[in-house]
Amino acid sequence: QVQLEESGGGWVQAGGSLRLACAASESIHNSHCMGWFRQPPGKEREVVAAIENDGSASYADSVKGRFTISKDNANDTLYLQMNGLKPEDTAMYYCAAADPHGGCSISGPPFTLLFYGQEHWGKGTLVTISS
C-alpha cells in the first residue's frame, strides 16, 4: 500500500514562499491522481491542488496563480510550491493519493477532488504565515 509523508512546512512572513514535499513509499506514477489538502485552525479541510498522471493540474480559486503542484516520478515525490503566501494560507497541509487500483474525479468550480476506492493520506505538515 502507498504511504505518504509530508515535509517542508514551517513559518514564513506574508509574501514569502515555501515548498512542500510529499514522499511516497512506491512509484507515484501508478496513482491515477494526487493532491494537496489543507485545514486551517478551527475550519474544515479543503482541497488546494490536484494533479493527474498526465501532468494536468487543478487549483482552488483561493490559491490559483500563487501555488503550483508538480511531481517527480523518478524520486516518488509530490510537491507544492507556494508563492505570495498570505496569513489565510495558515493551515495543516496534507498530501493525498488515490490507490493505484482506484481513481479520482476532479471537477469545478467549485474545485472538487474525490477519490474512488482506497485513499492514502500523510500525517500533515504545518504552515504558518504571519502578517
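Residues numbered from 1 in each chain as written. Predicted model: local features only at pLDDT ≥ 70, side-chain atom pairs only at ≥ 80, totals over all residues. Heavy atoms only, no water.

(A) Quick look at the overall build of the chain. The helix and strand tally for the chain stands at zero helices and 13 strands. Scanning the chain from its N terminus toward the C terminus, one meets helices and strands in the order β-β-β-β-β-β-β-β-β-β-β-β-β. Taking 131 residues into account, the globule formula puts the C-alpha radius of gyration at 14 Å, and the chain, at 14 Å, falls close to it. Overall size of the chain, expressed as C-alpha extent along the three principal axes, is 45 × 30 × 25 Å. Burial analysis of the chain (131 residues in total) assigns 45% to the buried set. Contacts in the chain between residues at least 24 apart in sequence constitute 60% of all its contacts with a sequence separation of at least 6. As displayed, the chain has an accessible area near 6600 Å², and 46% of this comes from carbon and sulfur atoms. (Helix = DSSP H or I, 4+ residues; strand = E, 2+ residues; numbered from the N terminus. Rg over C-alpha atoms; globule rule 2.2 N^0.38 Å. Buried < 20%, exposed > 50% of the residue type's maximum accessible area, 1.4 Å probe, protein only. Contact = heavy atoms within 4.5 Å. Areas by Shrake-Rupley, 256 points an atom, 1.4 Å probe, with all protein chains shown as cover.)

(B) Highlighting the nonpolar core. With 37 residues, the main nonpolar core has W36, L80, M82 and Y93 as its most contacted residues. If you list the elements that add at least two residues to this core, you get β3 (18–24), β4 (33–39), β5 (46–52), β7 (67–72), β8 (77–82), β9 (91–98), β11 (112–116) and β13 (125–130). If one sorts the elements of this core by residue count, β9 sits on top with six residues. Residues within four places of M82 in sequence aside, it is in contact with G16, S17, L18, L20, R66, F67, Y93 and V127. (Core = buried A, V, L, I, M, F, W, Y, C linked by side-chain atoms within 4.5 Å.)

(C) Seen up close, the sheet that holds β8. Taken together, the four strands give an open sheet; going across it, the order is β1-β3-β8-β7, and neighbouring strands pair in antiparallel fashion. Each having just a single partner strand, β1 (4–7) and β7 make up the two edges of the open sheet. Each strand axis lies, on average, 15° off the axis of its neighbour in the sheet, ignoring direction. In this structure, β1 lies alongside β3, joined through four bridges in antiparallel fashion. In the sheet register, S7 faces β3, and the bridge partner there is A21. (Pairing = 2+ DSSP bridges. Axes fitted to C-alpha atoms, helices over the stretch in contact; angles between N-to-C directions.)

(D) The arrangement of the environment of E88 in detail. Along the chain, the position of E88 falls in the loop between β8 and β9. On a C-alpha basis, the gap between E88 and T128 in space is 9.1 Å, while along the polypeptide they are 40 residues apart.

(E) Expanded view of the state of the cysteines. Applying the stated criterion to the full structure yields two disulfides. With its sulfur 2.1 Å from that of its partner, C22 forms a disulfide with C95. Linking C22 and C95, the disulfide has an S-S dihedral of approximately -75° and is accordingly described as left-handed. A residue pair is termed long-range when its members are at least 10 positions apart, and C22 in strand β3 and C95 in strand β9 qualify at 73 residues. On the accessibility criterion, C95 (0% relative accessible area) is buried. The disulfide partner of C33 is C104, and the gap between their sulfur atoms is 1.8 Å. Taken as a pair, C33 in strand β4 and C104 in strand β10 (residues 103–107) lie far apart in primary sequence, 71 residues in all. (Disulfide = S-S within 2.5 Å.)

Treat this as a map of the structure, not an account of what it does.
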